[in-house]
Amino acid sequence: MEGTGLGIAKGMALTLKHLFRKKITTQYPEHKLEVSRRARGQQFVWRADLCTGCATCAKSCPHGIIHIETSKNGGNKYIVDKIEFDIGRCMFCGLCVEVCPYNALYMGRAYEQGRYSRRLLWADRETLMDPNIQPSAYGHPELEPQIPEQTLLVYDQICKETVGKDD
Ligand code: SF4
Ligand code: SF4
(Lines give C-alpha, C1' and ligand atoms only; values in the text may rest on other atoms or scores of the structure.)
(Ligands and ions follow the chains in the order given, each with its own letter.)
Protein backbone atom coordinates (compact mmCIF):
# COMPACT_ATOMS: atom_id res chain seq x y z
CA MET A 1 0.00 0.00 0.00
CA GLU A 2 2.88 2.35 0.79
CA GLY A 3 3.96 2.09 -2.84
CA THR A 4 0.67 3.64 -4.01
CA GLY A 5 1.54 6.99 -2.46
CA LEU A 6 -0.38 6.49 0.78
CA GLY A 7 2.82 7.05 2.75
CA ILE A 8 3.31 10.47 1.13
CA ALA A 9 -0.32 11.39 1.86
CA LYS A 10 0.12 10.39 5.50
CA GLY A 11 3.29 12.43 5.76
CA MET A 12 1.64 15.47 4.20
CA ALA A 13 -1.35 15.12 6.55
CA LEU A 14 0.99 15.14 9.53
CA THR A 15 2.78 18.19 8.13
CA LEU A 16 -0.54 20.01 7.75
CA LYS A 17 -1.51 19.11 11.29
CA HIS A 18 1.71 20.67 12.56
CA LEU A 19 1.05 23.79 10.46
CA PHE A 20 -2.16 24.62 12.30
CA ARG A 21 -1.41 23.38 15.78
CA LYS A 22 -0.73 25.64 18.75
CA LYS A 23 2.77 27.12 18.68
CA ILE A 24 5.18 25.50 21.11
CA THR A 25 8.14 27.81 20.55
CA THR A 26 8.75 31.03 22.47
CA GLN A 27 10.91 34.09 22.02
CA TYR A 28 13.80 33.07 24.31
CA PRO A 29 15.48 34.70 26.20
CA GLU A 30 12.82 37.44 26.43
CA HIS A 31 10.21 34.85 27.31
CA LYS A 32 11.36 32.17 29.71
CA LEU A 33 9.45 29.04 30.54
CA GLU A 34 9.29 27.30 33.88
CA VAL A 35 11.30 24.12 34.09
CA SER A 36 10.17 21.07 36.02
CA ARG A 37 9.63 21.56 39.72
CA ARG A 38 12.18 18.81 40.27
CA ALA A 39 14.72 20.17 37.78
CA ARG A 40 18.39 19.71 38.60
CA GLY A 41 19.52 23.25 37.89
CA GLN A 42 23.07 24.57 37.86
CA GLN A 43 22.99 25.78 41.43
CA PHE A 44 22.95 24.51 44.99
CA VAL A 45 21.30 25.70 48.15
CA TRP A 46 22.94 24.90 51.47
CA ARG A 47 21.25 25.24 54.86
CA ALA A 48 23.95 26.07 57.40
CA ASP A 49 21.48 25.67 60.24
CA LEU A 50 20.82 22.02 59.32
CA CYS A 51 24.29 20.97 58.19
CA THR A 52 26.32 18.93 60.67
CA GLY A 53 29.53 18.93 58.62
CA CYS A 54 29.31 15.14 58.18
CA ALA A 55 30.74 15.50 54.63
CA THR A 56 28.55 12.69 53.28
CA CYS A 57 27.79 14.92 50.28
CA ALA A 58 31.49 15.46 49.57
CA LYS A 59 32.28 11.74 49.86
CA SER A 60 29.43 10.79 47.54
CA CYS A 61 30.34 13.22 44.76
CA PRO A 62 31.77 11.22 41.84
CA HIS A 63 33.85 14.22 40.74
CA GLY A 64 35.07 15.26 44.17
CA ILE A 65 34.06 18.86 43.65
CA ILE A 66 32.60 19.56 47.09
CA HIS A 67 35.14 20.98 49.51
CA ILE A 68 34.26 21.07 53.19
CA GLU A 69 36.44 22.08 56.11
CA THR A 70 35.15 21.57 59.63
CA SER A 71 36.40 22.08 63.15
CA LYS A 72 35.22 20.73 66.49
CA ASN A 73 32.78 22.85 68.38
CA GLY A 74 33.48 21.91 71.97
CA GLY A 75 31.94 18.43 72.42
CA ASN A 76 31.21 16.03 69.59
CA LYS A 77 29.69 18.62 67.27
CA TYR A 78 31.40 20.06 64.22
CA ILE A 79 31.04 23.45 62.65
CA VAL A 80 31.54 24.03 58.95
CA ASP A 81 34.35 26.54 58.47
CA LYS A 82 34.33 26.37 54.70
CA ILE A 83 32.12 24.81 52.03
CA GLU A 84 32.58 25.27 48.29
CA PHE A 85 31.28 23.64 45.13
CA ASP A 86 33.29 23.72 41.88
CA ILE A 87 30.16 23.91 39.77
CA GLY A 88 32.13 24.09 36.52
CA ARG A 89 33.00 20.40 36.98
CA CYS A 90 29.59 19.32 38.28
CA MET A 91 27.52 16.91 36.19
CA PHE A 92 24.34 17.70 38.17
CA CYS A 93 23.71 14.07 39.00
CA GLY A 94 22.07 15.07 42.28
CA LEU A 95 23.79 12.38 44.37
CA CYS A 96 25.02 14.88 46.96
CA VAL A 97 21.48 16.14 47.52
CA GLU A 98 20.04 12.64 47.74
CA VAL A 99 22.53 11.41 50.33
CA CYS A 100 22.45 14.36 52.73
CA PRO A 101 21.05 12.82 55.91
CA TYR A 102 19.94 16.16 57.36
CA ASN A 103 18.11 17.77 54.41
CA ALA A 104 20.69 20.52 54.37
CA LEU A 105 21.40 20.46 50.64
CA TYR A 106 19.18 21.26 47.64
CA MET A 107 19.67 21.82 43.95
CA GLY A 108 18.60 25.16 42.47
CA ARG A 109 16.42 25.52 39.36
CA ALA A 110 18.36 28.06 37.27
CA TYR A 111 19.87 27.01 33.95
CA GLU A 112 21.68 30.14 32.71
CA GLN A 113 24.93 30.00 34.61
CA GLY A 114 27.42 30.61 31.80
CA ARG A 115 30.52 32.60 32.88
CA TYR A 116 33.67 33.84 31.15
CA SER A 117 35.97 32.31 33.76
CA ARG A 118 35.89 28.87 35.36
CA ARG A 119 36.81 30.42 38.68
CA LEU A 120 33.52 32.31 38.64
CA LEU A 121 31.73 28.97 38.63
CA TRP A 122 32.88 28.20 42.16
CA ALA A 123 30.03 28.55 44.65
CA ASP A 124 31.22 29.62 48.06
CA ARG A 125 29.36 29.68 51.34
CA GLU A 126 27.66 33.01 50.63
CA THR A 127 26.51 31.89 47.18
CA LEU A 128 25.19 28.62 48.56
CA MET A 129 23.19 30.56 51.14
CA ASP A 130 21.85 33.18 48.70
CA PRO A 131 18.18 33.66 49.65
CA ASN A 132 17.34 34.55 46.02
CA ILE A 133 18.10 31.03 44.79
CA GLN A 134 14.94 29.01 44.59
CA PRO A 135 15.56 25.43 45.70
CA SER A 136 14.34 22.65 43.44
CA ALA A 137 12.04 19.91 44.67
CA TYR A 138 14.56 17.36 43.36
CA GLY A 139 15.06 15.02 46.31
CA HIS A 140 12.68 17.23 48.31
CA PRO A 141 9.14 16.65 46.98
CA GLU A 142 7.70 18.48 49.99
CA LEU A 143 8.77 21.74 48.27
CA GLU A 144 6.61 21.20 45.19
CA PRO A 145 3.57 23.23 46.34
CA GLN A 146 5.78 26.36 46.65
CA ILE A 147 7.28 26.07 43.15
CA PRO A 148 5.62 27.41 39.97
CA GLU A 149 4.13 24.78 37.67
CA GLN A 150 6.17 23.66 34.70
CA THR A 151 5.40 25.47 31.44
CA LEU A 152 8.30 24.13 29.40
CA LEU A 153 6.63 21.57 27.18
CA VAL A 154 7.79 18.02 27.41
CA TYR A 155 7.79 15.47 24.60
CA ASP A 156 4.68 13.63 25.85
CA GLN A 157 2.60 16.80 25.78
CA ILE A 158 3.76 17.65 22.28
CA CYS A 159 2.78 14.17 21.08
CA LYS A 160 -0.70 14.45 22.60
CA GLU A 161 -1.30 17.87 21.06
CA THR A 162 -0.01 17.09 17.60
CA VAL A 163 -0.56 13.44 16.81
CA GLY A 164 -2.99 12.48 19.55
CA LYS A 165 -1.03 9.61 21.04
CA ASP A 166 1.15 8.99 24.05
CA ASP A 167 4.27 7.56 22.42
S1 SF4 B 1 25.41 17.01 41.58
FE2 SF4 B 1 26.76 15.20 41.41
S3 SF4 B 1 28.65 15.97 40.45
FE4 SF4 B 1 27.51 17.77 41.21
S5 SF4 B 1 28.30 18.17 43.25
FE6 SF4 B 1 26.52 16.84 43.52
S7 SF4 B 1 27.34 14.72 43.52
FE8 SF4 B 1 28.94 16.08 42.69
S1 SF4 C 1 25.77 15.72 53.69
FE2 SF4 C 1 24.40 17.38 54.35
S3 SF4 C 1 24.75 17.58 56.56
FE4 SF4 C 1 26.49 16.42 55.73
S5 SF4 C 1 28.05 18.00 55.23
FE6 SF4 C 1 26.85 17.69 53.37
S7 SF4 C 1 25.26 19.27 53.44
FE8 SF4 C 1 26.11 19.06 55.54
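Residues numbered from 1 in each chain as written. Chains lettered and ligands numbered in written order. Predicted model: local features only at pLDDT ≥ 70, side-chain atom pairs only at ≥ 80, totals over all residues. Heavy atoms only, no water.

1. Quick notes on a nonpolar patch on the surface
And step 1. Side chains of Leu-16, Leu-19 and Phe-20 sit close together on the surface and give an oily, nonpolar patch of about 380 Å² of accessible area.
And step 2. Inspection of the secondary structure assignment puts Leu-19 in helix 1 (residues 6–20). (Patch = residues over 30% accessible without salt bridge, like charges linked within 9 Å, V, L, I, M, F, W, Y side chains within 5 Å. Areas by Shrake-Rupley, 256 points an atom, 1.4 Å probe, with all protein chains shown as cover. Salt bridge = Lys/Arg side-chain N within 4 Å of Asp/Glu carboxyl O. Helix = DSSP H or I, 4+ residues; strand = E, 2+ residues; numbered from the N terminus.)

2. A short note on the site of ligand 2
And step 1. In the neighbourhood of ligand 2, the contacting residues comprise Trp-46, Cys-51, Thr-52, Gly-53, Cys-54, Ala-55, Thr-56, Cys-57, Ile-68, Cys-100, Pro-101 and Tyr-102.
And step 2. Here the residues of the shell around ligand 2 are counted per class, giving nine nonpolar, three polar and no charged. (Near = heavy atom within 4 Å. Nonpolar A, V, L, I, M, F, W, Y, C, P; charged D, E, K, R; others polar.)

3. Notes on the sheet that holds strand 5 (residues 122–123)
And step 1. Pairing is antiparallel across the open sheet formed by three strands, whose spatial order is 2-3-5. Every other strand in the sheet has two partners, leaving strand 2 (66–72) and strand 5 as the edge strands with one partner each.
And step 2. By the bridge criterion, two bridges tie strand 3 (residues 78–86) to strand 5 in an arrangement that is antiparallel. Opposite Phe-85, over in strand 5, you have Ala-123 as the bridge partner. (Pairing = 2+ DSSP bridges.)

4. Some details on the pairing of strand 2
And step 1. By the bridge criterion, seven bridges tie strand 2 to strand 3 in an arrangement that is antiparallel. Bridge pairing in strand 3 links Thr-70 to Val-80.
And step 2. In this antiparallel pair of consecutive strands, strand 2 and strand 3, the connection spans five residues, and Gly-74 shows a positive phi of 75°.

5. Remarks on the pattern of salt bridges
And step 1. According to the stated counting rule, one finds five salt bridges in the structure shown.
And step 2. Note that Arg-109 and Glu-34 form a salt bridge whose closest N and O atoms lie 3.3 Å from each other. With Arg-109 in the loop between strand 4 (105–107) and strand 5 and Glu-34 in the loop between helix 1 and strand 1 (44–46), this residue pair connects regions lying 75 residues apart in the sequence.
And step 3. A relative accessible area of 8% means that Arg-109 is categorised as buried.
And step 4. Here Glu-144 and Arg-38 are joined by a salt bridge, their closest N and O atoms 2.3 Å apart. Of this pair, Glu-144 sits in the loop between helix 4 (125–128) and helix 5 (155–162) while Arg-38 sits in the loop between helix 1 and strand 1, and the two are 106 residues apart along the sequence. (Buried < 20%, exposed > 50% of the residue type's maximum accessible area, 1.4 Å probe, protein only.)

6. Notes on the side chain of Asp-86
And step 1. Here Asp-86 shows up in strand 3.
And step 2. Its relative accessible area of 8% is what places Asp-86 among the buried residues.
And step 3. Once you skip the residues sitting within four places of it in the chain, Asp-86 turns out to touch Ile-65, Leu-121 and Trp-122. (Contact = heavy atoms within 4.5 Å.)

7. Here we look at the packing of aromatic side chains
And step 1. This structure, assessed with the given rule, holds one aromatic pair.
And step 2. Cation over ring: Arg-40 sits above Tyr-138, and NZ or CZ is 5.2 Å from the ring centre. (Phe/Tyr/Trp six-rings, centres within 6.5 Å; stacked < 30°, edge-to-face > 60°. Lys NZ or Arg CZ within 6 Å of the ring centre and 35° of its normal.)

8. Here's the deal with the nonpolar core
And step 1. If you look at the biggest cluster of nonpolar residues, it comprises 23 residues, and the most contacted ones within it are Phe-44, Ile-66, Phe-85, Cys-96, Val-97, Leu-105 and Leu-128.
And step 2. Taken together, the elements giving at least two residues each to this core come down to strand 1, helix 2 (56–60), strand 3, helix 3 (95–99) and strand 4.
And step 3. Setting aside residues up to four positions removed in sequence, Val-97 forms contacts with Phe-44, Leu-105, Tyr-106, Met-107, Tyr-138 and His-140.
And step 4. Counting residues in hydrophobic clusters, the runner-up holds six residues, among them Val-45, Ile-133, Ala-137 and Leu-143. (Core = buried A, V, L, I, M, F, W, Y, C linked by side-chain atoms within 4.5 Å.)

9. Observations regarding unusual backbone geometry
And step 1. Note that the residue after Tyr-28, namely Pro-29, is joined by a cis bond; omega there is 10°.
And step 2. With respect to the helices and strands, Pro-29 occurs in the loop between helix 1 and strand 1.
And step 3. The phi torsion at Phe-92 lies on the positive side, around 55°, for a residue other than glycine.
And step 4. Structurally, Phe-92 is set in the loop between strand 3 and helix 3.

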